[in-house]
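# Chain and residue survey
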Amino acid sequence: MNKEAKKGLDQFKKQVASELSINLQDGYNGNLTSKEAGSIGGEMVKRMVESYENSMK
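Residues numbered from 1 in each chain as written. Predicted model: local features only at pLDDT ≥ 70, side-chain atom pairs only at ≥ 80, totals over all residues. Heavy atoms only, no water.

Core analysis: the biggest nonpolar cluster contains eight residues, these being Phe12, Val16, Ala17, Ile22, Leu24, Leu32, Ile40 and Met44. Contributing elements (two or more residues each) for this core: α1 (3-19) and α2 (34-55). Among all residues touching Ala17, those that are not within four sequence positions of it are Ile22, Leu24 and Ile40. (Core = buried A, V, L, I, M, F, W, Y, C linked by side-chain atoms within 4.5 Å. Buried < 20%, exposed > 50% of the residue type's maximum accessible area, 1.4 Å probe, protein only. Helix = DSSP H or I, 4+ residues; strand = E, 2+ residues; numbered from the N terminus. Contact = heavy atoms within 4.5 Å.)

See below:
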């Protein structure tokens, strides 16, 4: 993965975590519960799918 894409995904992840009121730190986030981590990832996938579906319309 190129650096630009990784940077974009990291920013997206931080934005989603912030909107879900989950404290996400730079680097290691071993303090997150499985539920919190899953919520962030699930919401990211949901938004990416919605974005793709909207682009297909």
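Further remarks concern the packing of α1 against α2. Look at α1 against α2: their axes get within 9 Å of each other, and the N-to-C directions meet at 110 degrees. Judged by the angle between their axes, α1 and α2 are roughly perpendicular. Handedness of the α1/α2 crossing: right-handed. Contacts between α1 and α2 pair Leu9, Phe12, Lys13, Gln15, Val16, Ala17 and Glu19 from the former with Ile40, Glu43, Met44, Arg47 and Met48 from the latter. The residue inventory of the contact of α1 with α2, partitioned by class, reads seven nonpolar, one polar and four charged. (Axes fitted to C-alpha atoms, helices over the stretch in contact; angles between N-to-C directions. Parallel < 35°, antiparallel > 145°, perpendicular 65-115°, else oblique. Left-handed = near helix turned anticlockwise from the far one by under 90°. Nonpolar A, V, L, I, M, F, W, Y, C, P; charged D, E, K, R; others polar.)

The terminal C-alpha atoms of α2 lie 31 Å apart, and with 22 residues this matches the ideal 32 Å at 1.5 Å per residue to within 8%. Within α2 the residues assigned to the buried category are Ile40, Glu43 and Met44. Down the axis, α2 shows its buried residues gathered within 100 degrees of arc, on one side only. Seen from the buried face of α2, the exposed residues on the opposite side, beyond 90 degrees, are Ser34, Lys35 and Tyr52. For α2, the elements touching its buried residues are α1. (Expected span 1.5 Å × (residues − 1). Arc of directions from axis to C-beta.)

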